[in-house]
Amino acid sequence: MGKQTPQTSGSTYQAVFDRAAQDPAGFWLEQADLLDWHTPPSRGLDYDGAESWQWYPDGQLNITYQALDRWVEQGRGEQPAVIWDSAMTDQQVTYSYAELLDQVARLAGALRANGIERGDRVLIYMPMIPEALIAMLAVARLGAVHVVTFGGFASKEVATRLDDATPKAVLAANGGVEPARAIRYLPNVADAIERANHKPDVVMVKQRAEIDDAIADFDSSWLDLDEQLWANQPVDAVPVAATDPLYLLHTSGTTSKPKAVVRDQGGYAVASAWSVPNIYNIEAGETMFVASDVGWVVGHTYIVYAPLIAGATTVVYEGKPVGTPDAGAFWRVASEHKAKMIFSAPTAYRAIRAADPTGDQWQRYDMSALDAVFSAGERLDEDTYHWLGEVTGKPVVDHWWQTETGWPIVANLRGLDPMPLKAGSPSVAVPGYQVGVVNPLGEPVQPGAEGNIVIKLPLPPGAMVGLYGEPERFHSSYMAAFPGYYETGDTGYMDDEGYVFVLGRSDDVINVAGHRLSTGTLEAVIAEHPAVAETAVIGVADGLKGQKPVAYVVLTAGTDIAPQQLSEELVAKVRHDFGAVAAFRDVEIVWGLPKTRSGKILRRTMRSIVEGDDVSAPATIDDAGVLDTFAEQTTRF
Ligand code: COA
Ligand code: AMP
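Residues numbered from 1 in each chain as written. Chains lettered and ligands numbered in written order. Predicted model: local features only at pLDDT ≥ 70, side-chain atom pairs only at ≥ 80, totals over all residues. Heavy atoms only, no water.

As named in an unreviewed UniProt entry, the chain is Propionyl-CoA synthetase, taken from Yaniella flava. For the record of the chain, the UniProt heading Sequence similarities (unreviewed entry) holds the text "Belongs to the ATP-dependent AMP-binding enzyme family." (UniProt positions renumbered as here; feature names shortened; annotations may be inferred.)

Draft legend 1. Region of interest: the UniProt feature "domain: AMP-binding enzyme C-terminal" (unreviewed entry) in the chain. Cross-referencing UniProt, the feature "domain: AMP-binding enzyme C-terminal" (unreviewed entry) maps to residues 522–600 in the present numbering. Segment residues 522–600 splits into 27% helix and 32% strand. End C-alpha atoms: 17 Å apart. (Helix = DSSP H or I, 4+ residues; strand = E, 2+ residues; numbered from the N terminus.)

Draft legend 2. Structural context of the site of ligand 2. Inspection of the region around ligand 2 gives 15 residues, with H399, T403, D490, R505 and R516 positioned closest. Within the backbone of G377, a nitrogen or oxygen atom sits 3.0 Å from a nitrogen atom of ligand 2. At 2.8 Å, a side-chain N or O of D398 approaches a nitrogen atom of ligand 2. Notes on ligand 2: free accessible area 490 Å², of which the protein chains cover 92%. Tallied by class, the residues present in the shell around ligand 2 amount to 4 nonpolar, 5 polar and 6 charged. (Near = heavy atom within 4 Å. Polar contact = N/O pair within 3.5 Å; in protein donor to acceptor, adjacent residues only side chain to side chain. Areas by Shrake-Rupley, 256 points an atom, 1.4 Å probe, with all protein chains shown as cover. Nonpolar A, V, L, I, M, F, W, Y, C, P; charged D, E, K, R; others polar.)

Draft legend 3. A look at the side chain of N174. With respect to the element layout, N174 can be found in the loop between β8 (169–173) and β9 (175–178). At 3.0 Å, the side chain of N174 and the backbone oxygen of D213 are in polar contact. Apart from residues lying up to four places away in sequence, N174 is in contact with I183, R184, Y185, L186, V205, K206, Q207, R208, I211 and D213. (Contact = heavy atoms within 4.5 Å.)

Draft legend 4. How the structure looks around the packing of helix α18 (residues 603–610) against helix α19 (residues 624–633). Two elements in contact, α18 and α19, have axes whose closest approach is 10 Å; the angle formed by their N-to-C orientations is 35°. The two elements α18 and α19 cross, and the hand of that crossing is right-handed. Packed against α18, whose contacting residues are T605, M606, I609 and V610, the element α19 presents L627, F630 and A631 at the interface. For the contact of α18 with α19, the class distribution of residues is 6 nonpolar, 1 polar and no charged. (Axes fitted to C-alpha atoms, helices over the stretch in contact; angles between N-to-C directions. Left-handed = near helix turned anticlockwise from the far one by under 90°.)

Draft legend 5. Region of the structure containing the site of ligand 1. Near ligand 1 there are 24 residues, and of these E178, S292, K320, K545 and R575 occur at the shortest range. A580 places a polar main-chain atom, nitrogen or oxygen, 3.5 Å from an oxygen atom of ligand 1. If you list the elements that add at least two residues to the shell around ligand 1, you get β10 (181–184) and α12 (346–355). Class assignment for the residues of the shell around ligand 1 results in 11 nonpolar, 7 polar and 6 charged. Shared between two domains, the shell around ligand 1 takes at least three residues from each, and those domains are domain 1 (98–241) and domain 2 (509–633). (Domains from an automatic or database assignment.)

Draft legend 6. Here's a closer look at the packing of aromatic side chains. A complete count under the given rule lists 32 aromatic pairs for this structure. A centroid spacing of 4.8 Å and a plane angle of 85° characterise the contact between F27 and W28, whose relative ring orientation is edge-to-face. Overall, F27 belongs to the buried group, its relative accessible area being 0%. On the basis of relative accessible area, W28 is assigned to the buried category, the value being 1%. One cation-aromatic arrangement involves K422 over Y499; the distance from NZ or CZ to the ring centre is 4.0 Å. (Phe/Tyr/Trp six-rings, centres within 6.5 Å; stacked < 30°, edge-to-face > 60°. Buried < 20%, exposed > 50% of the residue type's maximum accessible area, 1.4 Å probe, protein only. Lys NZ or Arg CZ within 6 Å of the ring centre and 35° of its normal.)

Draft legend 7. Examining helix α2 (residues 24–31) more closely. Taken as a whole, α2 has its buried residues at F27, W28 and Q31. In an axial view of α2, the angular spread of the buried residues amounts to 90°, which keeps them on one side of the axis. Buried positions along α2 lie against α1 (13–22), β2 (53–55) and α9 (266–280). (Arc of directions from axis to C-beta.)

Draft legend 8. Focus on the UniProt feature "domain: AMP-dependent synthetase/ligase" (unreviewed entry) in the chain. Listed under "domain: AMP-dependent synthetase/ligase" (unreviewed entry) in the UniProt record, and renumbered for this structure, are residues 70–458. Span residues 70–458 is 32% helix and 24% strand, its end C-alpha atoms 30 Å apart.

Draft legend 9. Region of the structure containing the pairing of strand β31 (residues 546–555). In terms of residue burial, β31 counts as a mostly covered element, since 8 of its 10 residues are buried. For strand β30 (residues 532–542) and β31, the ladder comprises 10 bridges, and the chain directions are antiparallel. Residue pairing across strands places V532 opposite L555, the latter belonging to β31. Taking the residues that link successive antiparallel strands as the turn, the β30-β31 hairpin has 3 residues. As defined by bridge partners, β31 adjoins strand β32 (residues 586–589) across 4 bridges and the pair is classed as parallel. What sits directly across from Y552, in β32, is E588. In the classification by handedness, the crossover that spans β31, the intervening helix α17 (residues 563–577) and the parallel β32 is right-handed. (Pairing = 2+ DSSP bridges. Right-handed = clockwise from strand over helix to strand, strands pointing away.)

Okay, structure coming up:
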């Protein structure tokens, strides 16, 4: 059932990689056969040889037809498509492909009845409930464009996305359930609409019984999502150009304004269909358990689209790795639903290890269906890698990717001929990605030498096709530094067997518990406090979360606020405006911030100081005295 990629049986990684590198247009046109197109493409790629390309320029399809209708038509209607497992509310609900298609088509009908059409943006703000997937797919079914906003973000981040994407509608839940508390979403929605210049025409709310807030408490013009769903007729998938946008997903850059990555329909569908069997070794009918969130790229691709496009079953887990109720939560879910793979972030595995170092919980479950444990989102430290391998006895597969690329850049391809795993490395470049390491002049460095990790243009299908409304930023953020290459923003090295080792970011992006955050965004929130004259946020190493944000604050002249009070107010402000997910707790008041002569804050130097490294003043520093005072004043973490 379903089409098989020409490469899945009997091909070696090297042969597939070489073919994709030598003839990208031809290779990816062959892979287009994995889908059932409305109008099959005659060309794989249009590329101008510079910074602009289009995959499948004359193909037409709708990604939800690939994910839903075709499986029902081909006899998979009764197979589970989505298993919702909520450890938070102690519920499990399974949707077959036929049921999921019905819900998606009905919600698409409701959206159409409320004026949503092809090309319109729709903001989705929901926790890990089935309606989040149904909402995304319903938007896509109309050829409209979803803009999912992670539920851990608060009103200011929602407002930023409202103004950036100017959505016609907002689809929200009334709340999420975290272990210690319910998260009320509707105050954030109301506050965001109040803050934003752009106002949506339609707000539809999924009212969960676990959350007390009701629509009537907020705005009587808001609609009940369930009522709308049942009041409208299902609609067919709208065929769109393969190059039409499917979604915008905001991610952190170096400034306070997030970047809206644009993903297309066709390239993304092909990359999804290809990657599930080849990277994860999952075939139609098998089960994937990706413990992330639909608000992140991992959730978009491997909780929602890719498993369904591949005809697999996706587990949607509302819960934590520990405490819901114990450190066996992931193993319980994987075992109960017979998942063939599990995928989460290193921070989650570290949390399990801290709570259950001897792996007793693993022993409680029948894990025979599980083939491999995948990790991404941040560097998988060798300690955690070895611990996971010992406890599970399964291959531990790190892989490296970004919101921008949409699917893995470097991985161990479990469905081709998987090569030996090496601790500390996510393995080798995925076919379609030509990865290199260059020095600041753009020259390739020797194996083993550290540099900037770059990818030769054009990026493969599924990767970003632009930044929404910001072509110049697309160029300056990713293409300008190394002409002909995409700058990943990560540094690292490649060994003489082509294994890539990712070491960290070269920019001001930090990674807190697998959540990619911009120091600039946090600084903008903190700087709004009247007692703050200036601030710099840096990410400091943290044993559990990978990094934690620490704010260094210079006080406004004449302010007499007590340090403890300022600290409490700033922590509360970040939590309220940005969201608890920043895990922001550390404020230090300093006399000055070390800067270059051109006024750029020396964040990397600051980080070295607070992490206890020996630091000498860089040649570009404005005033070495400020650096010395900073070093004396700050806590070593
Ligand atoms: N909605 C509302 N609040 C949320 C939230 C959400 N979806 N997710 C997290 N938060 C809150 C938490 O409740 C916590 O609040 P607290 O300070 O009151 O305790 C705070 O944000 C910090 O959360 P976090 O650092 O994420 O810790 P956690 O214990 O809630 O979760 C993990 C731990 C490992 C499960 C979580 O960090 C995680 O899933 N990380 C991986 C992210 C990811 O998938 N990245 C993509 C690559 S795989
Ligand atoms: P995001 O866009 O949120 O997926 O975050 C992407 C960033 O997370 C990358 O640029 C890396 O800095 C980091 N990252 C993701 N996966 C890995 C990995 N496997 N190893 C090291 N860093 C990773």
